[in-house]
Amino acid sequence: MKKRKPFVFPWFAGAMVFALVTMSTVQIVWLRSSVKMRQQIFDDNVQHSLNQISEMLTRPSADMLQIDLEAVSKTNESNILRKPSGLSNSLDDSETRMLNRVEALKTDSLIPVILAAHGIQIPVIVSVFDRYGQPVKLRDADDVFREALETTPYQANIEALNLRIHFPKMNRYLLHELLAQFALTGLMIAVLAWGFFSAVTGAARNKRIDRIRRDLMNNLTHELKTPISTIGLASEALKDPDMQKDPDSFNYYIGLIHEENKRLGMLVENVLQASLAESGKMQLHMQTLNVHDLIREVLKNVAIQVRKRGGKVALELEADAALVFADRTHLSNVVFNLIDNALKYADGNLVLKISSQQTTEGVELRFQDNGIGIAKEHLGKVFDRLYRVPTGNVHDVKGFGLGLSYVKTVLDRHRGTIQVESEPGKGSTFILNLQREKTAD
């Protein structure tokens, strides 16, 4: 068996890989830069908001002085400073004064307003920590965020205290802002990947088609050369005057020329039929036919070829109503091609069984042979145009890989189906389903 050459990666496929990697890298770097820039803008806006709050709390003003005086007045009356529930802290006078300012300004509500003015509208957790890193203002419901608040980068000093905020949904917020950029980047990478995949598969397909066409031309030359050479030799022999005196030899060569001429005509007809099927110009002349009679008629025409191969065809035509709506010529060609296929690939003397049975839609035909069989990896390709199952030397089995493709096209045009069941060394069975109703094109 001829060793198959390894697939050579095309140079432009390498260029496509390089372009894909380069563009993907550029897109990823650009996206990371956008994320960092967005993060920096977010950080700057948050810090600016915190500085604004810190300035409001620490600058000397009439409002701040009034808050301080009110706090001192309440303290003198009760000698008790009310602190947030659940917290016990020893605060000095400056810390107490600043905490009173935070509570009086309702900082929890003020900070979201200032953040919104800078374009940041997401939930925020506000807290105040003392100089020892302990929270002196933190709602009980926000205690789960205490660890995050201890490490948050968003802080501002308000004298001895430290104002800290945390954004539980910051990552989601930043990603949402960059969603359009993520989508655009993903789309560009997907387009590049699709182009790369198309280029590589297209190159592989073109290479396979070139190989198939090369095999077709080689096989076509081989197939045509044999009958032409035989006809030429027989014609030369008939020119011999002594040949005309021997009726048996004379008739033999005449018959040989006739048979080889029929073979040439059949080769041309197969190529023509395949061409018409491929171009969609196949003309169907539909009529009601008895498929059993049609099978017997085709077998009568190929009886000589079957006998030459020492073959035997068994008929088990059991369909009760063998009428189908079909084109006689093309359906006859289908039956002939399947019988011819069995002859080509017979393992020794041909043993072919043709059976039929009734179905709800029409008739099912089975062509079961004793051929060499078809490997599983080739079963899905046997009906492809120009495809031939590898059998060693390309000239060992005659044909161009057009017969089964033509059969599939004819069945499709008749709204029928064809399947193949096969295993290497166990022969093949082609299963056809034909309809009796007038539903074909």
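Residues numbered from 1 in each chain as written. Predicted model: local features only at pLDDT ≥ 70, side-chain atom pairs only at ≥ 80, totals over all residues. Heavy atoms only, no water.

Side note on the overall build of the protein chain
Counting its secondary structure elements, the protein chain contains 14 helices and 11 strands. Within the protein chain, residue pairs in contact and separated by at least 24 positions form 73% of the contacts whose partners lie at least 6 positions apart. Surface exposure of the protein chain reaches about 26100 Å², of which carbon and sulfur atoms provide 55%. (Helix = DSSP H or I, 4+ residues; strand = E, 2+ residues; numbered from the N terminus. Contact = heavy atoms within 4.5 Å. Areas by Shrake-Rupley, 256 points an atom, 1.4 Å probe, with all protein chains shown as cover.)

Regarding the side chain of Ser-428
Among the secondary structure elements, Ser-428 is positioned in strand β11 (residues 428–435). The residues contacting Ser-428, other than those within four sequence positions of it, are Phe-367, Gln-368, Asp-369, Gly-373, Ile-374, Glu-421 and Ser-422.

Considerations on the confidence of the model for the protein chain
In the predicted model, the protein chain carries a mean pLDDT of 77, and 77% of its residues have values of at least 70. Within the protein chain, strand β9 (residues 362–368) carries the highest mean pLDDT (93), whereas helix α2 (residues 62–78) carries the lowest (61). Low pLDDT, under 50, characterises residues 1–9; the predicted model gives this stretch 8 contacts beyond four residues in sequence or across chains. Across residues 77–89, where pLDDT falls below 50, the model places 19 contacts with residues more than four positions away in sequence or in other chains. (pLDDT = per-residue confidence, 0-100.)

Section: the sheet that holds β11
Spatial strand order, β6-β8-β9-β11-β10: 5 strands in an open sheet with mixed pairing. The open sheet has two edge strands, β6 (312–317) and β10 (417–422), and neither has a second partner. The mean inter-strand angle of the sheet, taken between neighbouring strand axes irrespective of direction, is 15 degrees. Alignment of strand β8 (residues 351–358) against β9, held across 6 bridges, turns out to be antiparallel. In the strand pairing of β9, Ile-354 is matched with Phe-367. Packing of helix α12 (residues 328–344) onto the sheet brings it into contact with β8, β9 and β11, and relative to β11 it is tilted by some 170 degrees. (Pairing = 2+ DSSP bridges. Axes fitted to C-alpha atoms, helices over the stretch in contact; angles between N-to-C directions.)

A short note on the sheet that holds strand β3 (residues 155–158)
Pairing is antiparallel across the open sheet formed by 4 strands, whose spatial order is β2-β1-β4-β3. Looking along the sheet, the strands with just one partner apiece sit at the ends: β2 (135–137) and β3. Between one strand and the next, the sheet's axes are offset by a mean angle of 35 degrees, whatever the strand orientation. Examined bridge by bridge, strand β1 (residues 125–129) and strand β4 (residues 161–166) share 5 bridges and lie antiparallel to one another. If you follow Ile-125 over to β4, its bridge partner there is His-166. Helix α3 (residues 93–104) contacts β1, β2, β3 and β4 of the sheet and is inclined by roughly 45 degrees relative to β2.

Some words on α12
If you check α12, its first and last C-alpha atoms are 24 Å apart, about what 17 residues at 1.5 Å a residue would give, namely 24 Å. Most of α12 sits out of view: 14 of its 17 residues are buried. Put simply, Asp-327 is the residue that caps the front of α12, since its side-chain oxygen is 3.0 Å from the backbone nitrogen of Thr-329. (Expected span 1.5 Å × (residues − 1). Buried < 20%, exposed > 50% of the residue type's maximum accessible area, 1.4 Å probe, protein only. Polar contact = N/O pair within 3.5 Å; in protein donor to acceptor, adjacent residues only side chain to side chain.)

A word on the packing of α12 against helix α14 (residues 403–413)
Orientation of α12 relative to α14, taken along the N-to-C sense of each, is 145 degrees, at an axis distance of 9 Å. When the axes of α12 and α14 are compared, the crossing they make is left-handed. Across from His-330, Asn-333, Val-334, Asn-337, Leu-338 and Asn-341 in α12, the residues of α14 making contact are Gly-403, Leu-404, Tyr-406, Val-407, Val-410 and Leu-411. Of the residues that constitute the contact of α12 with α14, the class distribution is 7 nonpolar, 5 polar and no charged. (Left-handed = near helix turned anticlockwise from the far one by under 90°. Nonpolar A, V, L, I, M, F, W, Y, C, P; charged D, E, K, R; others polar.)

So, the environment of Gln-52
Mapping Gln-52 onto the fold places it in helix α1 (residues 11–58). With residues up to four places along the chain from it excluded, the contact list for Gln-52 reads Ile-114 and His-118.

Some remarks on the environment of Asn-45
Note that Asn-45 resides in helix α1. Along the chain, Asn-45 and Leu-115 lie 70 residues apart, while their C-alpha atoms are 7.5 Å from each other. Apart from the residues within four sequence positions on either side, Asn-45 is in contact with His-118 and Ile-120.

As for helix α4 (residues 107–117)
An α-helix turns once every 3.6 residues. As a result, residues three or four positions apart point the same way. All buried positions along α4 are accounted for by Thr-107, Ile-111, Ile-114 and Leu-115. Projected onto a plane normal to the axis of α4, the buried residues spread over an arc of 100 degrees and lie on a single side. For α4, the exposed residues set more than 90 degrees away from the buried face come down to Val-113 and Ala-117. One or two residues past the end of α4 sits Gly-119, with phi positive at roughly 85 degrees. (Arc of directions from axis to C-beta.)

What to know about the environment of Asn-349
Structurally, the position occupied by Asn-349 is in the loop between α12 and β8. Here the alpha-carbon distance between Asn-349 and Lys-308, two residues 41 residues apart in the chain, equals 9.6 Å. With near-sequence residues (within four places) excluded, Asn-349 lies in contact with Arg-309, Gly-310 and Asn-370.

Side note on the packing of aromatic side chains
For the structure shown, the criterion picks out 5 aromatic pairs. Relative to Tyr-173, the ring of Phe-42 lies with its centre 5.7 Å away and its plane at 50 degrees, an arrangement referred to as tilted. In this pair, Phe-42 sits in helix α1 while Tyr-173 sits in helix α6 (residues 170–177), placing the two residues 131 residues apart along the sequence. There is no split in this pair, since Phe-42 and Tyr-173 are both buried. On the basis of an interplanar angle of 70 degrees and a centroid distance of 5.3 Å, the ring pair of Tyr-252 and Tyr-253 is categorised as edge-to-face. Put simply, the rings of Phe-42, Tyr-154, Phe-167 and Tyr-173 pair up and form one aromatic cluster. Above the face of the Phe-129 ring, Arg-164 is positioned so that its terminal group lies 4.3 Å from the ring centre. (Phe/Tyr/Trp six-rings, centres within 6.5 Å; stacked < 30°, edge-to-face > 60°. Lys NZ or Arg CZ within 6 Å of the ring centre and 35° of its normal.)

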